[in-house]
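Chain residues, written in single-letter form:
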Amino acid sequence: MTDHQTEQRTGRLYGVGLGPGDPSLVTVRAAELIGKADVVAYHSARHGRSIARSIADRYLTGGQIEEKLVYPVTVETTDHPGGYRGALDDFYEEASARLAAHLDAGRNVVVLAEGDPLFYGSYQHMHKRLAHRYPTEVVPGVTSVSAAAARLGSALVEAEETLTIIPGTLPEEELTARLAAADSAVIMKLGRTFPAVRRALERAGRLQDAQYVERAFMDGERTLPLAEVEADTVPYFSVAVLPSKVAPLDLPEPAGPGEVVVVGTGPAGPLWLTPEARGALAAATDLVGYTTYIDRVPVRPGQVRHGSDNKVEAERAEFALELARRGRRVAVVSSGDPGVFAMATAVLEAAGEDPYREVPVRVLPGMTAAHAAASRAGAPLGHDYAVVSLSDRLKPWEVIARRLRAAAGADLVLALYNPGSKSRTTQVGLARDLMLEYRPADTPVVMARDVGGPTERVRTVRLADLDPAEVDMRTLLLIGSSQTRLVRRGNDTEVVWTPRRYPED
């Protein structure tokens, strides 16, 4: 028997989206299929009422077989040996078997789904079990996401913004992280999850932007700022919306106190950004920083970018604070971690003086260059280590040398920042010679350049072979202790690591 003959003898399965609730938002294709179906199936709770059935009612002819798929549990507990998930899995197997019997008998089966069948819908559980066995068509429907945006009259995304859809059932910490990182967002499945969702929005600094939509395009529809919603009034059929951040044309200039957020962007690129940092960059009205670092941040409509040279930290800090004093939300962009040889100190120093004492300042951490470099090499920072900048622009070389000797004498691994530049060509050689007074010539030295960037290069050399000519400002050096090991593994790869246990004398 051919596949074609088999298809002719079986019915067709249709997953039909009904939209958010108003029967007039059912598509023409969906209405046609409902009217012509042999079997119409729909899910319901144990009370027997089905929202999907009520939406489709006007399109039913009365001649269809109706298959009511009644959930054994919804949110209550169960004594099923497999727990809640086991009870639902058994139900989906039994329900799909009932539909398969109709399909095997040559009947066309329409499974009704509120919204879109493959968007958090119950139909998808039938689809996974039947679509590979029977000819199947899915008819899309208007989702609650689109319905909520329409009722709010607000754009969800504009230009290069991204939309994040989040189930409110996620753990609160995860909700907070995803909300902090999102441009725009819709949070589904509220109801019992609403208190945790509200706290997550507040912790992520997004509560003031959040809107609430209940029963969009259904009886009892309600929209209002989410901060005004009472938790005990929230049903399952409601969503939280963070609309587009692109300012409306008539949005007034910010009023009242602004703030400065010093944001660590990590060593390079968006993969190194924390969700909190990503959210702060997106929420800012102004970006201030070294032009090279600002260029790593995506351009957002309406956001003002103030780039400057890398040697004007104090002026940059005061400029950011002055913007905030005028009511702007300012993100000072700092590579790596802003508290490690970066902009946090400059901003806090200026913020401690008049007229900036009252300007709120926050510091958001980022992945440090030392930690990024160490991860590429293995685990050279696995034991105690010291971090030293070789730049003598802000401190004399004598101080640097004294600190290097102290760290070397204590047998610490050393992470050396700012090792060299076009105007500073002697520091690497001086540091190498000083360390050779305390360390063997074959001590591993990790040379990590542009970690995370397009020209990344990480390699390990002997301390005695460290060549200053191969080191620039984009290079970070990790000099091992007496315990640091260089091990060759499969495929001739090298791994550098420092044991956590230090031997007793």
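Keep in mind the model is a prediction, meaning the values are calculated, not measured. (Residues numbered from 1 in each chain as written. Predicted model: local features only at pLDDT ≥ 70, side-chain atom pairs only at ≥ 80, totals over all residues. Heavy atoms only, no water.)

Participant: Is there a simple way to explain the packing of aromatic side chains in this structure?
Facilitator: Between two aromatic rings, the relevant description is the distance of the centres plus the angle of the planes. As enumerated under the stated definition, the model contains eight aromatic pairs in all. Ring geometry for Phe119 against Tyr120: centres 5.1 Å apart, planes inclined by 70 degrees, an arrangement best described as edge-to-face. By relative accessible area, Phe119 is classed as partly exposed at 22%. Taking the relative accessible area as the measure of exposure, Tyr120 reaches 37% and is therefore partly exposed. (Phe/Tyr/Trp six-rings, centres within 6.5 Å; stacked < 30°, edge-to-face > 60°. Buried < 20%, exposed > 50% of the residue type's maximum accessible area, 1.4 Å probe, protein only.)

Participant: Got a minute to help me understand empty space enclosed by the protein in this structure?
Facilitator: In this approach a probe as big as a water molecule rolls over the atoms, and the regions it shows empty are the leftover space. Inspection of every chain in the model, using the stated rule, returns one cavity of 30 Å³ or more. The space that makes up the largest cavity amounts to roughly 50 Å³. Contributing to the lining of the largest cavity are Thr265, Gly269, Pro270, Leu273, Arg296, Val297 and Pro298. Within the lining of the largest cavity, the residues separate by chemical class into four nonpolar, two polar and one charged. (1 Å grid on protein atoms, 1.4 Å probe; cavity = no way out; pocket = protein on both sides within 12 Å on 5 of 7 lines; lining within 4 Å. Points joined across faces, edges and corners; volume = space filled by probe spheres on them. Nonpolar A, V, L, I, M, F, W, Y, C, P; charged D, E, K, R; others polar.)

Participant: Would you explain the pattern of salt bridges in this entry?
Facilitator: Side chains bearing opposite charge may pair, as long as their charged atoms lie close to each other. Tallied over the full model, the rule gives 30 salt bridges. The partner of Asp183 in a salt bridge is Arg300, with the nearest N and O atoms 3.4 Å apart. Residue Asp183 is located in the loop between helix 7 (172-181) and strand 7 (184-188), and its partner Arg300 is located in the loop between helix 10 (291-294) and strand 13 (304-308); the two are separated by 117 residues in the primary sequence. Between Arg405 and Glu437 there is a salt bridge, with the nearest N and O atoms lying 2.8 Å from each other. Taken as a pair, Arg405 in helix 14 (residues 397-409) and Glu437 in the loop between helix 15 (427-436) and strand 19 (444-449) lie far apart in primary sequence, 32 residues in all. On the accessibility criterion, Arg405 (35% relative accessible area) is partly exposed. (Salt bridge = Lys/Arg side-chain N within 4 Å of Asp/Glu carboxyl O. Helix = DSSP H or I, 4+ residues; strand = E, 2+ residues; numbered from the N terminus.)

Participant: Please explain a nonpolar patch on the surface as it appears in this structure.
Facilitator: A cluster of nonpolar side chains, contributed by Tyr120, Val157, Leu163 and Ile165, occupies part of the molecular surface with about 290 Å² of accessible area. Tracing the sequence through the fold places Val157 in the loop between helix 6 (144-152) and strand 6 (163-167). (Patch = residues over 30% accessible without salt bridge, like charges linked within 9 Å, V, L, I, M, F, W, Y side chains within 5 Å. Areas by Shrake-Rupley, 256 points an atom, 1.4 Å probe, with all protein chains shown as cover.)

Participant: Looking at this structure, how should I read the sheet that holds strand 7?
Facilitator: Adjacent strands of a sheet form backbone hydrogen bonds with each other and so pair up, either parallel or antiparallel. Read across the sheet, five strands follow the order 6-7-10-8-9 without closing on themselves; strand pairing throughout is mixed. At either margin of the open sheet sits one strand with a lone partner, and together these are strand 6 and strand 9 (222-225). Within the sheet, the average angular offset between the axes of one strand and its neighbour, ignoring direction, is 20 degrees. The pairing of strand 6 with strand 7 spans five bridges and is parallel. Its bridge partner lying in strand 7, Leu163 is registered against Ser184. Where helix 6 meets the sheet, it contacts strand 6, strand 7, strand 8 (211-214), strand 9 and strand 10 (238-242), and its direction lies at approximately 65 degrees from that of strand 10. (Pairing = 2+ DSSP bridges. Axes fitted to C-alpha atoms, helices over the stretch in contact; angles between N-to-C directions. Contact = heavy atoms within 4.5 Å.)

Participant: Would you mind showing me how to read the pairing of strand 21 (residues 475-479) here?
Facilitator: Both faces of the sheet carry side chains from a regular strand, because those side chains alternate between them. The buried fraction of strand 21 is high, at five of five residues. The alternating pattern of strand 21 places Thr475, Leu477 and Ile479 on one face and Leu476 and Leu478 on the opposite face, and all of these are buried. Bridge analysis of strand 18 (residues 413-417) against strand 21 gives three bridges, and the strand direction is antiparallel. Its bridge partner being in strand 21, Leu416 is matched across the sheet by Leu477. As paired strands, strand 19 and strand 21 are joined by five bridges and run antiparallel to one another. Its bridge partner lying in strand 21, Val446 is registered against Leu478.

Participant: What is the right way to read the side chain of Thr176 from this model?
Facilitator: Considering the arrangement of structural elements, one finds Thr176 in helix 7. A polar atom in the side chain of Thr176 sits 2.9 Å from the backbone oxygen of Glu172. With near-sequence residues (within four places) excluded, Thr176 lies in contact with Ala200, Arg203 and Ala204. (Polar contact = N/O pair within 3.5 Å; in protein donor to acceptor, adjacent residues only side chain to side chain.)

Participant: Please explain the nonpolar core as it appears in this structure.
Facilitator: Generally speaking, nonpolar side chains in soluble globular proteins are found buried as a group. Counting residues in hydrophobic clusters, the biggest one holds 23 residues, and the most contacted among them are Leu404, Leu414, Leu416 and Leu466. Secondary structure elements with two or more residues in this core: strand 17 (385-389), helix 14, strand 18, helix 15, strand 19 and strand 21. Looking at this core, the element that brings in the most residues is helix 14, giving six residues. Those residues in contact with Leu416 that sit more than four places away from it in its chain are Val388, Leu390, Leu404, Leu476, Leu477 and Ile479. One finds Leu179, Tyr212, Leu226 and Val229 within the second-largest nonpolar core, a separate group that totals 22 residues. (Core = buried A, V, L, I, M, F, W, Y, C linked by side-chain atoms within 4.5 Å.)

Participant: Looking at this model, I keep getting lost on the confidence of the model for the protein. Mind explaining?
Facilitator: In low-pLDDT segments, the atomic positions of the prediction should not be examined closely. In this model, the protein carries an average pLDDT of 91, and 95% of its residues clear a pLDDT of 70 or more. This stretch, residues 1-7, has a pLDDT under 50; its non-local contacts, to residues over four places away or in other chains, come to four contacts. (pLDDT = per-residue confidence, 0-100.)

Participant: Any chance you could explain the packing of helix 7 against helix 8 (residues 194-203) here in plain terms?
Facilitator: Helices that pack against each other are described as a pair by the angle of their axes relative to one another and the distance between those axes. At a minimum axis distance of 8 Å, the contact between helix 7 and helix 8 shows a crossing angle of 45 degrees. What the angle tells us is that helix 7 and helix 8 run oblique. Read as a crossing pair, helix 7 and helix 8 show a hand that is right-handed. Across the interface between the two elements, Glu172, Glu173, Leu175, Thr176 and Leu179 from helix 7 touch Ala196, Val197, Arg199, Ala200, Leu201 and Arg203 from helix 8. Within the contact of helix 7 with helix 8, the residues separate by chemical class into six nonpolar, one polar and four charged. (Parallel < 35°, antiparallel > 145°, perpendicular 65-115°, else oblique. Left-handed = near helix turned anticlockwise from the far one by under 90°.)

Participant: Just to check I follow, could you spell out the environment of Pro167 for this structure?
Facilitator: Relative to the assigned elements, Pro167 resides in strand 6. Classification of Pro167 by relative accessible area gives buried; the value is 16%. With 184 residues separating them along the chain, Pro167 and Ala351 place their C-alpha atoms 40 Å apart.

Participant: When you look at the sheet that holds strand 11 (residues 259-264) in this model, what are you seeing that I'm missing?
Facilitator: Taking strand neighbours across the sheet as the criterion, the five strands line up as 13-12-14-11-15 in an open arrangement whose pairing is parallel. Edge positions in the sheet fall to strand 13 and strand 15 (361-364), since each of these pairs with one other strand and no more. Across the sheet, the axes of successive neighbouring strands diverge by a mean angle of 20 degrees, strand direction being ignored. By the bridge criterion, four bridges tie strand 12 (residues 286-290) to strand 14 (residues 329-334) in an arrangement that is parallel. Paired with Leu287 across the two strands is Ala331, which belongs to strand 14. Lying on the sheet, helix 9 (residues 275-283) is in contact with strand 11, strand 12, strand 14 and strand 15; it crosses strand 11 at an angle near 135 degrees.

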